[in-house]
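Report on the structure
In case you want the letters, here they are:
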Amino acid sequence: MAHGQTAPGILAGRLSSEEIETNFSDLHPPYAPHEAAVAADRCYFCHDAPCVTACPTDIDIPLFIRQIQGGNPEGAAETILSQNILGGMCARVCPTETLCEEVCVREVAEGKPVEIGRLQRFATDVLMGSGEHPFMRAEDTGKRVAVVGAGPAGLACAHRLAMLGHQVTIYDANSKPGGLNEYGIAAYKATNDFAQAEVDWLLRIGGISVECNAALGNGLTLEGLREAFDAVFLAVGLAGVNALRAQGEDKPGVHHAVDFISEVRQADDLLKHPVGRHVVVIGGGMTAIDAAVKSKLLGAEHVTVAYRRGASAMGASKFEQDLATSKGVKLMFNVQPRQVHGEDAATEIELEYTASVDGTLQGTGESVRLPADQVLKAIGQRLEGVPDALHLNGNKIAVIGAGRTSVEGVWAGGDCAAGGEDLTVTAVAEGRDAAMDIDAVLRA
Amino acid sequence: MADLTTDFLGITSPNPFWLASAPPTDKEYNVRRAFEAGWGGVVWKTLGAEGPPVVNVNGPRYGAIYGADRRLLGLNNIELITDRPLEVNLEEMARVKADYPDRALIASIMVPCEEGAWKAILPRVAETGADGIELNFGCPHGMSERGMGSAVGQVPEYIEMVTRWCKKYYDRPVIVKLTPNITDVRKPAAAAKNGGADAVSLINTINSITSVNLDTMSPEPSIDGKGSHGGYCGPAVKPIAMSMVSEIARNPDTLGLPISGIGGITTWRDAAEFISLGCGNVQVCTAAMTYGFKIVEEMATGLSKWMDEKGHTNVRDFVGQAVPNVTDWQYLNLNYIAKAKIDQDQCIKCGRCYAACEDTSHQAISMGADRVFEVIDEECVACNLCVDVCPVEDCITMEQMQPGAVDPRTGKRVEETYANWTMHPNNPMAKAAE
């Protein structure tokens, strides 16, 4: 019944259910307790540890690893979660190879860091598996805060505000909370519906209500929120997607990679999820890699990531690049899309080689055509639907300090706000810090 | 390859590695496997008097202490002497010795502190052809409650008395196995010598409770919710054993008394260290119980290679070589001055030396920009803690200051001459010492 990998067009059921199950299982299986003990024992408990400095949420990593060593994973989890309430998801999706593990002294010395991410997952899995929520709300302050966007920044902000005693309402444009954790993270990094389980666990702090299918411009206005609430935190992410600006990009078969990833995440049955035979992903970030790997795992015969610069300029880390190539994805560098060819739908893509001339990237005139019945555009997202009242910094919401926008009583954080990398962990830090600032202002 | 053939009390064995009296040497089957694996000798698991044998507990006998990755560092046991009939053991010993005449076979014995008991068993042991006997005066659990084992080993007069009986009724070498559960090991060793012992072996196991189960509040190993102290052994006890061995080796009262070294010997290096402290051979137990008999191959090849490197052709060449360098604290040279030195190329910037020195020692390491850690010579007392906590071998070293240089900590010149506490002006006894 399977179509096989070589059937042309965009089809479902290229692989057997066993293959799909294997392909979409956990990328990094969780540690068994003994493995965790051995891994934890490698930590040197550094003084003023570089890993902590590298962590956007400043988790006390040596302490939590020592707590695992001491047989107290629940305590380890509390150490993690007190700094980063989404420590469970971050353990799965953080590019640790460019953060804590990159600066681990054992990485520097031996090329083999303490596996901080997997240890963090071990600890948070134990705690969340026990059903315990270790944080308590402070006495009700009577203050109400609106959080727009139930992604990592919004959730982190809401949890911290609730913990500090405020009443929080989170609005989200989608039908489920979680933001990119729910719709954007690669499925093989967050198996077993972890994103929703984490949201449910987080909400057990109490004092937070979630209203889905509501967004600025869709039932909400900034003015309305400012009137109804004592403070507003915007964590709306980047809802817009950039255009390819190549001929033929409107042909059937050309999709936004973020939509493709989201659909795969939300699919009830991956066997029924269609994918092309020849998939070409345009872009060089994490989204491009995730989309490419997913295409391959769904059974595409050939998957190519086409990036306009060299490997070192790629937004996706070396680890992500290696992950892609290990799954059979081909990485093409220094090529940019010129045209999507095909009668009724995409069949080929024409890529032009690029070179850096006087510091600017230019096409060389030479091009190559690849078979492509599916083209996935992953060339970045952009801010969309932001109220005019807010000042921008570049193409993001301008903020000063812990997320204060140009409008009084309105804070912003996460991908929609200027500054910081667009990472889950950065969003969590910004949400948390904005909550502390909102609390300080509301109590002033 | 250096020849490892060892002569201990006239008993030759193809190497100095004997299996200590313990579970690995409890019966013919094990001992044959040990000899096939290459062990130079065995001390057969302790024999008791004729009659119904002792019984062991029917729950766990062992408890353990682990390092990283469940590496076994210490083991304790509450097993008793052999729980098999005396005749069975004697028959097996005779058969094994006949089949392995080149290997050492020693009978460990523990019978009540009555002359008759020893007089009865010794001729029967002699008949097996065993090369000698070892008197178990060390077992710290079970048997000691019955007036045997360490109950004897803790009373030098008893040691001397029983040893004398053994020399009277037995004409082959008598080794006295000592317990470490005493305050001064020199006393029982001297007693053994006075009783005519040909050698002492040490250490037997140390009284221990390895852990407490915090749910049941029972010590481990737990028998129906209760625990009893056991005998501790394995790598963790090696430093204690070596200190005791060295005390006997350098004590004028026991000078020249042969020693069989026991206590946590796991590798060839451990064995070489014991031998350098005065042991004529070594006995191994926990390492074999942890890894099996095959480990003797590493021990034999490693020792042989090291001996080649050092130009030793026989184990006796280096027996006791380190003993003259074991001294009392008061004789250590106070004019020897060193400073820690950090090799910046090897440093991985973990900062453990800094934390250790800053929090718990002499604030003699600075932490600079970019995590550069440097020794402050003005504060460094050369305590060695930084060396000990550094995860990189040889990254931090202790460098001796040359005579004539000025120690920046004290502002004083480093003297060439040797000077110890007995001569030091701060010592109120200094004059008396001279």
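Throughout this document, residue positions are counted from 1 along each chain, in the order its sequence is written. For naming, the first written chain is A and the first written ligand is 1, with later ones following in the order written. Only residues with pLDDT of at least 70 are given local features in this predicted model, and only at 80 or more are side-chain atom pairs given and counted; all residues enter the totals for whole chains, interfaces and linings. Water and hydrogen atoms play no part in the side-chain values, which are based on all heavy atoms of the structure.

Let's talk about the pairing of strand β13 (residues 348-357) of chain A
All names here are of chain A. Strands are labelled as partners when DSSP assigns at least two bridges between them. Here a strand is any run of E in DSSP of at least two residues, a helix any run of H or I of at least four, and the numbering for each starts at the N terminus. Across six bridges, the pairing between strand β12 (residues 335-341) and β13 is antiparallel. Opposite Q339, over in β13, you have E350 as the bridge partner. Counted along the chain from β12 to the antiparallel partner β13, the turn is six residues long, and its residue G342 has a positive phi close to 145°. Across nine bridges, β13 lies against strand β14 (residues 360-371) in antiparallel orientation. The partner of V357 across the bridge, within β14, is T360.

Quick word on the sheet that holds strand β9 (residues 278-282) of chain A
Residues and elements named next belong to chain A. Spatial strand order, β8-β15-β9-β10-β11: five strands in an open sheet with parallel pairing. Only two strands of the sheet have a single partner each, and these edge strands are β8 (254-256) and β11 (330-332). The average angle at which neighbouring strand axes cross in this sheet is 20°, direction not considered. In this structure, β9 lies alongside strand β10 (residues 302-306), joined through five bridges in parallel fashion. Every axis corresponds to a line fitted to the C-alpha atoms, with the helix fit spanning only the stretch in contact, and the corresponding angles, defined between N-to-C directions, vary from 0 to 180 degrees.

Some points on the sheet that holds strand β9 (residues 174-177) of chain B
Residues and elements named next belong to chain B. If you trace the eight strands once around the closed barrel, you get β3-β4-β7-β8-β9-β10-β15-β16, paired in parallel fashion. Averaged over all pairs of adjacent strands, the angle between strand axes in this sheet comes to 25°, irrespective of strand direction. The sheet contact formed by strand β3 (residues 17-19) and strand β16 (residues 279-284) spans three bridges and is parallel. Of the residues in β16, the one forming a bridge with F17 is V282.

A few points about the domain arrangement of chain A
All names here are of chain A. Domain boundaries shown here were taken from an automatic or database domain assignment. Entries for chain A in the domain assignment read domain 1 (33-130), domain 2 (144-239 + 383-443) and domain 3 (243-377). Taken over C-alpha atoms, the centre of domain 1 sits 26 Å from the centre of domain 2. Buried area: the accessible area, evaluated with a 1.4 Å probe, that two parts lose upon being put together, summed over both parts. Across the domain 1 to domain 2 interface the summed buried area is about 1800 Å²; carbon plus sulfur atoms make up 75%. Interface area lost by domain 1 to domain 2 is led by I85, L86 and M89, which between them contribute 37%. Every element with two or more residues in the side of domain 1 that touches domain 2 is listed here: α5 (73-83), α6 (87-93) and α9 (116-129). A total of six residues in the side of domain 1 that touches domain 2 trace back to one element, the largest contributor, which is α6. Polarity classes work like this: nonpolar for Ala, Val, Leu, Ile, Met, Phe, Trp, Tyr, Cys and Pro, charged for Asp, Glu, Lys and Arg, and polar for all others, with Gly in that last group. Here the residues of the side of domain 1 that touches domain 2 sort into twelve nonpolar, six polar and three charged.

Examining the packing of aromatic side chains
Stacked, tilted and edge-to-face are the three classes assigned to paired rings of Phe, Tyr and Trp, where Trp is represented by its six-membered ring and a pair needs centres within 6.5 Å; plane angles under 30 degrees give stacked, over 60 edge-to-face, the rest tilted. What the rule picks out here adds up to six aromatic pairs over all chains. With centroids separated by 6.3 Å and ring planes inclined at 85°, the aromatic side chains of Y171(A) and F229(A) adopt a geometry described as edge-to-face. Taken as a pair, Y171(A) in strand β2 (residues 167-172) and F229(A) in the loop between α13 (222-228) and β6 (231-234) lie far apart in primary sequence, 58 residues in all. Just as Y171(A) is buried, F229(A) falls in that class too. Put simply, the rings of W268(B), W306(B) and F318(B) pair up and form one aromatic cluster. One Lys or Arg, R66(A), reaches over the ring of F45(A) and ends 5.3 Å from the middle of that ring. We count a charge as sitting over a ring when the NZ of a lysine or the CZ of an arginine lies within 6 Å of the ring centre and within 35 degrees of the ring normal. Directly above the aromatic system of Y31(A) lies the positively charged group of R118(A), at a separation of 4.3 Å from the ring centroid. The rule is simple: take the accessible area with a 1.4 Å probe, protein chains only, and divide by the maximum for that residue type; under 20% is buried, over 50% is exposed, in between is partly exposed.

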